[in-house]
Amino acid sequence: MTTRAELRTEQHKPRTLWRALLSAALILLWLTGAGLGGPLFGKIDEVSSNDRTAYLPDSADATEVQRALDDFLGSDSIPAVVVFASEEKIDDAVADDLTAALDEATTAEGVKDGSSPVIVSDDGLAAQAFVPIDTDADVGDVSTALSSDLRDAVPSGVDVYVTGPAGFTADLVAGFSGIDGILLLVALAAVLVILVIVYRSLLLPVVVLSTSLFALCVALLVVWWAAKFGILLLSGQTQGILFILVIGAATDYSLLMVARFREELHATDNRWTAVGRAWRGSFEPILASGGTVIAGLLCLLLSDLKSNSTLGPVAAIGIVFAMLAALTLLPALLGLFGRSAFWPRRPKYEPERVAEVSPLEGRGLWQRLARGIRRRPRLIWISTAIVLAIAAVGVVQLDADGVPQSDLVLGASEARDGQRVLGEHFPGGSGSPAYVLVDEDRLQDAADVLLADDGIDGVSVTAEDSPSGSAPVTEDGITAFGPPGTPAPEPTVIDGRVLLQGTLADAADSADAEATVDRLRADLDETGALVGGVTATAVDTNTASIHDRNLIIPVILGVILLILMLLLRAILAPVLLILTTVLSFGSAMGVAALLFNGVFQFPGADPAVPLFGFVFLVALGIDYNIFLMTRVREESKRHGTREGILRGLSVTGGVITSAGLVLAATFAALSVIPILFLVQLAFIVAFGVLLDTFVVRSLLVPALGYDIGRAIWWPSKLSRRDAEPEVERLAADDATAEETIRR
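(A) Here's a closer look at empty space enclosed by the protein. If you walk through the whole model with that rule in mind, you get five cavities of 30 Å³ or more. Considering only enclosed or pocket space, the second largest cavity measures out at about 100 Å³ in volume. In terms of lining, the second largest cavity is formed by 15 residues, of which the most central are Gly-164, Phe-168, Gln-419, Ser-432 and Ala-508. Elements with a contribution of two residues or more to the lining of the second largest cavity: helix 5 (164–175) and helix 15 (414–425). Ranked by the residues each element gives to the lining of the second largest cavity, the list is headed by helix 5, at three residues. Classifying every residue of the lining of the second largest cavity gives six nonpolar, eight polar and one charged.

Here it is, written out as structure tokens:
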């Protein structure tokens, strides 16, 4: 005679088979996507650009001038300034040797025609030449080859530097060169170590890490083709953030799913039932968390800077696939492996123990912390808030008004050294002039303004019929370049406008040069002239960054507040969560400012650093509050608000701490890329996430919520006495649901 258990087993077989087939299909689908996206890791530079002008708003003066440069200069190139320095004076013989070396080196592939002659400085201890590099070539490789060839060819005792726009572009290319190699390896290694420590398992960390990697590969597949077709702009900076964000977020979501799965394995002996329950329990917090991050990232679309506005959709695509992988691929893998995924520490089927043991019992860290909050909630949240507020005071020391281009790359820099030598012997802005686009009939008026400014060392106008391509401009007008009697060349006129070039007296990326550009724009206002060039691009970028920061931060706060209100069905709790997260962000920025200035001695910070730090810290930091408060709300329906807060803290403490460590480790990995912006962002986000994990979510939010009590859910039903607790009804519902599942 067939027993009821045997009959139930027979009935489960077809359902189990279909679940296994569905899981296999999902795994195959993700495997296909990863197979298509994986090979693109080495091809990202084909669709990315680090040209700062390309990311300026179309309305910026520097953008309009940049568009006109190709027409006036007739060359799609980026200038390299070659600097020769010698301890002894450069005589005619040495100058001839330098010219021969330059002529030979500039025949290489990637160097365009039109290099200038070697110009010796007044003190005779240095010389310079301007070499156009083809923008379609690999500027980094061409600049490096040019420098190497010249070093081999110049006389002994002469040092060679390649600087200027091409030199600094080469520095950036070299800085970002490890972004799809060492960055990814460091991030994955850090995550793997943390997962092995957390799970004390061999297979499960591989399962979780595979989920994150597959999410990244498929996200990269979509982003790469979007950039290929010009839908999105991609830079090295955006690429690095995408890698880190997807790995960190996908792992965090996976940790939540795995924690629920392990919890359910203690309560049921059927792995597919456990997967289903874990999926239902994780779906809302993962969806809410990912949705919050996506909403915050899409607020970057309001940015004037394309480098910011394009990061929003690129990173949002990454978060979408991180969520999808955690909600589809991971459950499929967990269902196929079952308890074996946790080997050698397999969860035991212990339904009686699960029903009897309270999460507040025991001597674990989170149980002890919950009991401490129960005893002194007000003391804990007030003291914690005071400490965070004191740390936030340091934010007034943050210098986020921009940094010179020469300081964007950390460590040794040939371009930076060359610019320093150039400034010692020539006008500091040589090779990176201020371009002034003005109507032909206002040429002399604009030239007079430039000549009268102490920040300008000389003025010329683009002229096609001049041997050098330009002609000097003085108070008397355009002058001839040649023997007496040589007629003055006519300026090149395109669409009724001419292009003036003002040689800056100071280094093009210096604060003095930026001040010169600001003065010129003010003084040239009545002429209708537009000022562009490297320095103007930096000025416009900083202006746009500050505008974005002031606009987007309040918008992000409002959007996240609305999402939390919908999720928690309350007003007071979301407001408090936002306030605690902002306080945490302020503390992280305050500590960062003190360390940046006093310990690391950074030259400053880009205006986008606070904005990006805010986006990631608030959007990601609120994740942990979402993980906590969704569970607290669930427990509050059963046990009342104060008991629910303590239970929620005890149950989620381990998984949220692990998630925080993973996210902090992945963002910290950004610091292996020697780019100042990424190193600063890595510290701010990593430190801020740890602050959120160990202080805000563990102490401040639970203690504050416990002190307030049921009123924290105002104005929902949970805030009213007659709404809590509903233990008996929920217990009956659970019993009915359990019986339905078993049948």
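(B) Region of the structure containing a negative patch on the surface. Together, Asp-439, Glu-440, Asp-441, Glu-464, Asp-465 and Glu-490 make up a region of like negative charge exposed at the surface. Relative to the helices and strands, Glu-440 is located in the loop between strand 5 (434–439) and helix 16 (443–452).

(C) Region of the structure containing the sheet that holds strand 1 (residues 77–86). Ordered in space as 2-3-1-4, the four strands form an open sheet in which the pairing is antiparallel. Either end of the sheet is taken by a strand with one partner, and the two such strands are strand 2 (119–120) and strand 4 (158–163). Strand direction decides the pairing type here: strand 1 and strand 4, joined by six bridges, are antiparallel. Pairing of Ala-85 across the sheet is with Asp-159, part of strand 4. Together, strand 1, strand 3 (126–134) and strand 4 form the strand contacts of helix 5, whose direction differs from that of strand 1 by roughly 95°. Along the sheet, helix 15 contacts strand 1, strand 3 and strand 4; its crossing angle with strand 4, the most-contacted strand, is approximately 110°.

(D) Local environment of the sheet that holds strand 9 (residues 497–504). Strand order in the open sheet formed by six strands is 8-7-6-9-5-10, with antiparallel pairing between adjacent strands. In this open sheet, the two strands that pair with only one neighbour each are strand 8 (477–478) and strand 10 (530–532). The pairing of strand 5 with strand 10 spans three bridges and is classified as antiparallel. Bridge pairing in strand 10 links Tyr-435 to Gly-532. Seen against the sheet, helix 2 (residues 61–73) touches strand 5, strand 6 (456–462), strand 9 and strand 10 and runs at an angle of roughly 80° to strand 10.

(E) Quick look at the packing of helix 14 (residues 377–392) against helix 22 (residues 676–708). Their axes nearest at 8 Å, the elements helix 14 and helix 22 cross at an angle of 135°. In terms of their interaxial angle, helix 14 and helix 22 are classed as oblique. For the pair helix 14 and helix 22, the crossing hand works out as left-handed. In contact with Pro-377, Arg-378, Ile-380, Trp-381, Thr-384, Ala-385 and Leu-388 of helix 14, helix 22 contributes Leu-691, Val-695, Val-696, Leu-699, Leu-700, Ala-703, Leu-704, Tyr-706 and Asp-707.

Criteria and cut-off values
- Residues numbered from 1 in each chain as written.
- Predicted model: local features only at pLDDT ≥ 70, side-chain atom pairs only at ≥ 80, totals over all residues.
- Heavy atoms only, no water.
- 1 Å grid on protein atoms, 1.4 Å probe; cavity = no way out; pocket = protein on both sides within 12 Å on 5 of 7 lines; lining within 4 Å.
- Points joined across faces, edges and corners; volume = space filled by probe spheres on them.
- Helix = DSSP H or I, 4+ residues; strand = E, 2+ residues; numbered from the N terminus.
- Nonpolar A, V, L, I, M, F, W, Y, C, P; charged D, E, K, R; others polar.
- Patch = residues over 30% accessible without salt bridge, like charges linked within 9 Å, V, L, I, M, F, W, Y side chains within 5 Å.
- Areas by Shrake-Rupley, 256 points an atom, 1.4 Å probe, with all protein chains shown as cover.
- Salt bridge = Lys/Arg side-chain N within 4 Å of Asp/Glu carboxyl O.
- Lys, Arg positive; Asp, Glu negative; His and termini not counted.
- Charge placed at Lys NZ, Arg CZ, Asp CG, Glu CD.
- Pairing = 2+ DSSP bridges.
- Contact = heavy atoms within 4.5 Å.
- Axes fitted to C-alpha atoms, helices over the stretch in contact; angles between N-to-C directions.
- Parallel < 35°, antiparallel > 145°, perpendicular 65-115°, else oblique.
- Left-handed = near helix turned anticlockwise from the far one by under 90°.

That's the geometry; what it means functionally is another story.
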